[in-house]
Amino acid sequence: MNGEAFLGGVLAAAAPAFGGLRAQIEDSEQALLWIGGGLILLVVFFVFALVIFNYGKLWLQAYMSNAHVSILSLVGMSLRQVHARTIVEAKIMAMQAGVGTDPETGITTSRLEAHYLAGGNVPRVIHALIAAHRADIDLDFDRAAAIDLAGRDVLDAVRTSVYPKVIDCPDPEKSTRTTLSAVAKNGVELMVRSRVTVRTNLAQLIGGATEETIIARVGEGIITSIGSAKDHLEVMENPDRISKAVLQRGLDAHTAFEIVSIDIADIDIGENIGARLQADQAEADTRKAQALAEQRRANAIAREQEMRAEVAANRAQVFLAEAEVPKAMADAFRKGNLEVISRNGS
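Since the model is a prediction, treat every value here as computed from it, not as a measurement.

A. Fine view of the overall build of the protein chain. From N to C terminus, the protein chain includes eleven helices and four strands. For the protein chain, with 346 residues in total, the buried portion stands at 28%. Put simply, of all contacts in the protein chain between residues at least 6 apart along the chain, 70% involve residues at least 24 apart. For the protein chain, the exposed area adds up to about 23000 Å²; of that, 58% sits on carbon and sulfur atoms.

Here's what the structure looks like:
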């Protein structure tokens, strides 16, 4: 009991000292908490200031333009290696032009980012959509993005749909010849230069044939049309018949363009190929006749030589027969089969 009393007395005496130490420890923990909280607030403030410094102006621009791009989206673009200003400016242009305002099927930030990451030209696609919207052309973002990713210039395609493009046939930049050469049925050559007016067919731009196919088909149609004419004067008098005949063939099928018109810019008369061919044929016939005559002459000479040889052989046989006559007479005399009768009959 005495020991317990002593221990209780000691603890009672030390209690004030322990209470003070405990109070000091609690004060230190509270101070550490305040310091930690201050550091956290400082870091948060620093991050917030950094974000505002980098994206505040861009976010404010998007907000004031009703583009609806959040700060977190801008930060996420940087983490995904997407140029945030390109996306925001593209969306601002689209919203201000009234293009793709549908939140589900329209031009959203995620769709712009996806096209950018796929290697597409986002500003050019937006410019094409705005131009198509102003010209009342049915073109949505998906088709425009697909055309851009296919390697076609979507903005130039829309402009060509609004302002048709003129193509020279043949194209002097891609061919050494400046005219098409065709021959009518009477053999006269006509040298033609035409101009084809086309506009882009956006529905067939992906996978459709290019300008080279249009030029080749139009050139083939012109040559066929001239070749079916009876006389070159008929073509010279009515050059529009060539255009009508070519247009009726539907040469723009499965191409990226629609042919608006085919105009014959120039027609020149070339050589009379038919006459030249007839002259060449006559010369060839003459040479053939000369060869046949020479062959017949050679055959006659050979036949003459054969006949001379045959005459000589016959003469030799006659000489041989004449040589046998004296021998036969002598043999007849020896055998008494031959008598000599004189003129007086003795």
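B. Highlighting the side chain of Thr-200. Looking at where Thr-200 falls in the secondary structure, it is placed in strand S3 (residues 188–200). In this structure the side chain of Thr-200 is engaged in a polar contact, spanning 3.2 Å, whose partner is the backbone oxygen of Ala-157. If we skip the residues at most four places from it in the chain, Thr-200 touches Ala-157, Thr-160, Ser-161, Leu-205, Ala-256 and Phe-257.

C. Examining the pairing of S3 more closely. Pairing analysis gives five bridges linking strand S1 (residues 165–169) to S3, with the strands arranged antiparallel. Directly across from Asp-168, in S3, lies its bridge partner Arg-195. Bridging between strand S2 (residues 180–183) and S3 involves four bridges; their strand directions are antiparallel. When the bridges of S3 are listed, Ser-181 appears paired with Met-191. Two successive antiparallel strands, S2 and S3, enclose a turn made up of four residues, where Gly-187 displays a positive phi of approximately 90°. In the sheet, S3 pairs with strand S4 (residues 257–272) via twelve bridges, with the strands oriented antiparallel. Residue Val-198 lies in a different strand from S4, and its bridge partner there is Ile-259.

D. Looking closely at the packing of helix H5 (residues 122–134) against helix H7 (residues 154–162). Where H5 meets H7, the closest approach of the two axes is 8 Å, and the angle between their N-to-C directions is 15°. Judged by the inter-axis angle, H5 sits roughly parallel to H7. At the point where H5 passes H7, the crossing takes the left-handed sense. Packed against H5, whose contacting residues are Arg-124, Val-125, His-127, Ala-128, Ala-131 and Ala-132, the element H7 presents Val-154, Leu-155 and Val-158 at the interface. Split into classes, the residues belonging to the contact of H5 with H7 amount to seven nonpolar, one polar and one charged.

E. Looking closely at the pattern of salt bridges. In this structure the tally under the stated criterion is 13 salt bridges. For Arg-85, the salt bridge is made with Glu-89, and the minimal N-O distance between the two is 3.7 Å. Taken together, the residues span about one helical turn, with Arg-85 and Glu-89 both in helix H3 (residues 84–97) at a distance of four residues.

F. Local environment of helix H6 (residues 141–149). Those residues of H6 lying buried are Phe-141, Ala-144, Ala-145, Ile-147 and Asp-148. Buried residues along H6 cover an arc of 160° about the axis, so they all sit on one side. In the core, the buried residues of H6 are packed alongside helix H4 (109–117), H5 and H7. Backbone geometry just after H6 places Gly-151 at a positive phi near 95°.

G. Spatial organisation of the nonpolar core. Grouped together as the largest cluster of nonpolar side chains are 60 residues, with contacts concentrated most on Ile-126, Leu-129 and Val-218. Counting residues per element, this core draws most heavily on H3, at eight residues. Excluding anything up to four places from it in sequence, Leu-129 contacts Val-99, Ile-107, Leu-139, Asp-140, Phe-141 and Ala-144.

H. Molecular detail of a nonpolar patch on the surface. Taken together, the side chains of Trp-59, Leu-60, Tyr-63 and Met-64 define a hydrophobic patch exposed on the protein surface, amounting to about 460 Å² of accessible area. Within the secondary structure, Met-64 sits in helix H1 (residues 2–64).

I. Quick look at the environment of Tyr-55. Topologically, Tyr-55 is positioned in helix H1. Given a relative accessible area of 14%, Tyr-55 falls into the buried group. In this structure, the C-alpha to C-alpha distance between Tyr-55 and Arg-85, residues 30 residues apart in sequence, is 9.3 Å.

J. Here's a closer look at the packing of helix H8 (residues 211–227) against helix H10 (residues 240–247). Packing of H8 against H10 leaves a shortest axis separation of 9 Å and a crossing angle of 120°. Comparing their axes, H10 and H8 come out oblique. Handedness of the crossing formed by H8 with H10: right-handed. Residue-level contacts link Gly-221, Ile-222, Ser-225 and Ile-226 of H8 to Arg-241, Ile-242, Ala-245 and Val-246 of H10. Of the residues contributing to the contact of H8 with H10, the split by class is five nonpolar, two polar and one charged.

Conventions adopted
- Residues numbered from 1 in each chain as written.
- Predicted model: local features only at pLDDT ≥ 70, side-chain atom pairs only at ≥ 80, totals over all residues.
- Heavy atoms only, no water.
- Helix = DSSP H or I, 4+ residues; strand = E, 2+ residues; numbered from the N terminus.
- Buried < 20%, exposed > 50% of the residue type's maximum accessible area, 1.4 Å probe, protein only.
- Contact = heavy atoms within 4.5 Å.
- Areas by Shrake-Rupley, 256 points an atom, 1.4 Å probe, with all protein chains shown as cover.
- Polar contact = N/O pair within 3.5 Å; in protein donor to acceptor, adjacent residues only side chain to side chain.
- Pairing = 2+ DSSP bridges.
- Axes fitted to C-alpha atoms, helices over the stretch in contact; angles between N-to-C directions.
- Parallel < 35°, antiparallel > 145°, perpendicular 65-115°, else oblique.
- Left-handed = near helix turned anticlockwise from the far one by under 90°.
- Nonpolar A, V, L, I, M, F, W, Y, C, P; charged D, E, K, R; others polar.
- Salt bridge = Lys/Arg side-chain N within 4 Å of Asp/Glu carboxyl O.
- Arc of directions from axis to C-beta.
- Core = buried A, V, L, I, M, F, W, Y, C linked by side-chain atoms within 4.5 Å.
- Patch = residues over 30% accessible without salt bridge, like charges linked within 9 Å, V, L, I, M, F, W, Y side chains within 5 Å.

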